[in-house]
Amino acid sequence: MKNKIYWIITLLFPLFLLGFIEIALVIGGYNEEAQDLFIEVPSQPDYLITNSSFVPRYFPSFKPQVAVSPFLKKKKANTFRIFVLGGSSTQGYPYNFYYSFAEQLEQKLLLETDGLNIEVVNLGMTAINSYVIWDISNRLMDYQPDAIIVYAGHNEYYGSFGAGTTQFGLINSIRVKRMVLSLKNLRLYQLLENLFRPKDNEKNKQRTMMASVIRESKIELGGDIYSSGIKQFKRNIGDVAELFKSNGVPILLGTVASNLKDQPPLSDKNEALKAYAEGEKHFETGDKNAAITLFDEAKELDEIRFRAPNEINELINDFAKDPNVLLVDVEGMIRSNSVSGIEDESMFVDHLHPNFMGHNLMADLFFDHLHELERIKRAYSPNVFDTPEDISQFEKAYAEITVSRLMSGYPFQKGLSETEELEKFKEVYKDLMRSSYVDSIAAVTKVNQKSVPDALKKIVDQQMKVDNVREVMPHYYEMLKWQLNSVDLIERGIEYAINNPQANAYLVNIIEQVLNEGAYDPRYMNVLSSIYTDNKAYDKAKYWLDESLRLGSNEPVLYYNLTRYYLFKKDTAEATRYHQKFLQSRR
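Our subject in this report is the structure included herewith. What you see is a predicted model; the values in this text were computed from it and never measured.

## Points about the pairing of strand β5 (residues 117-122)
Stage number 1. Burial of β5 is extensive: six of the six residues sit out of reach of the surface.
Stage number 2. Here β5 shows no split at all, with Asn117, Glu119 and Val121 on one side and Ile118, Val120 and Asn122 on the other all buried.
Stage number 3. Of the strand pairs in this sheet, strand β4 (residues 79-86) and β5 are connected by six bridges, and their pairing is parallel. Bridge assignment links Phe80 to a residue of β5, and that residue is Ile118.

## Digging into the sheet that holds strand β2 (residues 44-50)
Stage number 1. In space, the three strands of this open sheet follow the order β1-β2-β3, with antiparallel pairing throughout. Looking along the sheet, the strands with just one partner apiece sit at the ends: β1 (38-41) and β3 (71-72).
Stage number 2. One ladder, built from four bridges, connects β1 with β2; its direction is antiparallel. The residue bridging Glu40 from the neighbouring strand is Leu48, located in β2.

## Concerning the sheet that holds β4
Stage number 1. Spatially, five strands are ordered β5-β4-β6-β7-β8 in an open sheet, and the strand pairing comes out parallel. In the strand order of this sheet, the two ends are held by β5 and β8 (325-328), each with one partner. Recorded for the sheet is a direction-independent mean angle of 20 degrees between the axes of neighbouring strands.
Stage number 2. In the sheet, strand β7 (residues 251-254) pairs with β8 via four bridges, with the strands oriented parallel. Across the sheet, residue Leu253 finds its bridge partner in β8, namely Leu327.
Stage number 3. Each of β4, β5 and β6 (147-151) touches helix α3 (residues 101-112); the most contacted strand, β5, lies at about 175 degrees to it.
Stage number 4. Where helix α14 (residues 356-370) meets the sheet, it contacts β4, β6, β7 and β8, and its direction lies at approximately 145 degrees from that of β8.

## Topic: the pattern of salt bridges
Should the charged atoms of two oppositely charged side chains come close, the side chains can pair.
Stage number 1. What the rule picks out here adds up to 36 salt bridges.
Stage number 2. A salt bridge links Asp534 to Arg564, with the nearest nitrogen and oxygen atoms 2.1 Å apart. Taken together, the residues Asp534 in helix α23 (residues 522-534) and Arg564 in helix α25 (residues 556-568) connect sequence positions 30 residues apart.
Stage number 3. Residue Asp534 is classed as partly exposed on the basis of its relative accessible area, which comes to 46%.
Stage number 4. Classification of Arg564 as buried rests on a relative accessible area of 15%.
Stage number 5. In this structure, Glu547 and Arg550 form a salt bridge, with 3.0 Å as the shortest nitrogen-oxygen distance. Taken together, the positions of Glu547 and Arg550, both in helix α24 (residues 538-550) and three residues apart, correspond to about one turn of that helix.

Parameters and conventions
- Residues numbered from 1 in each chain as written.
- Predicted model: local features only at pLDDT ≥ 70, side-chain atom pairs only at ≥ 80, totals over all residues.
- Heavy atoms only, no water.
- Buried < 20%, exposed > 50% of the residue type's maximum accessible area, 1.4 Å probe, protein only.
- Helix = DSSP H or I, 4+ residues; strand = E, 2+ residues; numbered from the N terminus.
- Pairing = 2+ DSSP bridges.
- Axes fitted to C-alpha atoms, helices over the stretch in contact; angles between N-to-C directions.
- Contact = heavy atoms within 4.5 Å.
- Salt bridge = Lys/Arg side-chain N within 4 Å of Asp/Glu carboxyl O.

Set out below in structure tokens:
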């Protein structure tokens, strides 16, 4: 009996010791800042934001940027909350967060619905794939989502935990990789991981992300590594879809698109290069269908698999057979809107990241499918104004220099040393520095990792001095996206733009979001209703006039706008009544 107790103690002692260490680390607050996916916004504890200290657990050697998407800690009854999951395309690369399709979708929902508090939380991150989406999804139900959007599939091979990556990708076992993700919740595991995490060195910092994540540069179509990527996507996204279905949360799955026509194969596989060359010949002779088939074949045979193979979209279509899953055909939409009728550079900035127009169209497409949901359908109210038609000059230059660094490195450029890659990139940087004042600010901001809001403020101040409305408003719109609760910034923008019809579209977008973010001020409603009345959007005008009245406003401008509204509606009795109130309020 004593021997039995001895062996039990001997066997259990290591577990007791590990448990004791784990408890001690928790009590001692080790790595406390990295435990929660969301944390309170420091200056606004009523709001939560993605924790930038949490997300590095998914990456051994870099810290990805996360979008600025605050949402209320305590969800309001009238809130419609969407979480958006995916990789760098979802995050918005190469643009700042406010031009991602997720942010533009939120803006469109604000414009085209009444009575809902809209929250679109963008969880897109560079180089994440279905493993990370699976892990994050299991943390979301506590935050009461009303819908989930997933646009993912390109990173199954080279994303974190991918089948052919350097980022936790050494063993292609779904069970083992999921176990590692679970272990990352333990403080002891975090301690060991931090102790043995490889140190950054200057050489690694100079390489592009794409160059640093490739472990397998020859992933053959149908081979073992290829099949591992397909299996993990099927299992992980299948489980994600089932999770949200079991909780009654609809999920919108987007098919993934990539540049077929204007992106040659990244590998040197002869069959892929030959198919691409044949595709170009057929396109030049006007045989578009044959060209599509050959360009697609070239992508499928390309053994450097940054672009998702067709099997990924086939799986997405299979998932959508479940009535809880809404299929969003992004690939088809991109093809139909491309200049050539084939996915091309008119919709992408590189091999797979959508340009601004691509993001804008994706936002429209996801909006159309959200409109199938009952709460959105009931709140739908069409608007004469749309989201911004273009991005600022700063954002164009910022995106250009971001993409140029990617395109100057492997696998887009082969046979170049890192020094030669950097020299190639520096030429673009020098061109932008010489191009214009705005371009030079964008280049310096990106390369030296300076504050984007500070850069935008410089541009706005300079353009305001010369009263260049066309340049002020897009930059002001972007600047305000970083500081939506700055009353001074809000009111300075309104004051500048209020009497300039050129600024109406930006002003409407700004005020709709400001009201949504908590500054529910009748003064802003009165400005909005005035613009809507001027543009004959009477239903929108009336909604905000009623809201201003409900909040007890008795400002002369409210009664003036109500007088105008009823005159436009040819209701002279009501117009007279509010005109009398207007005159009395001025005494």
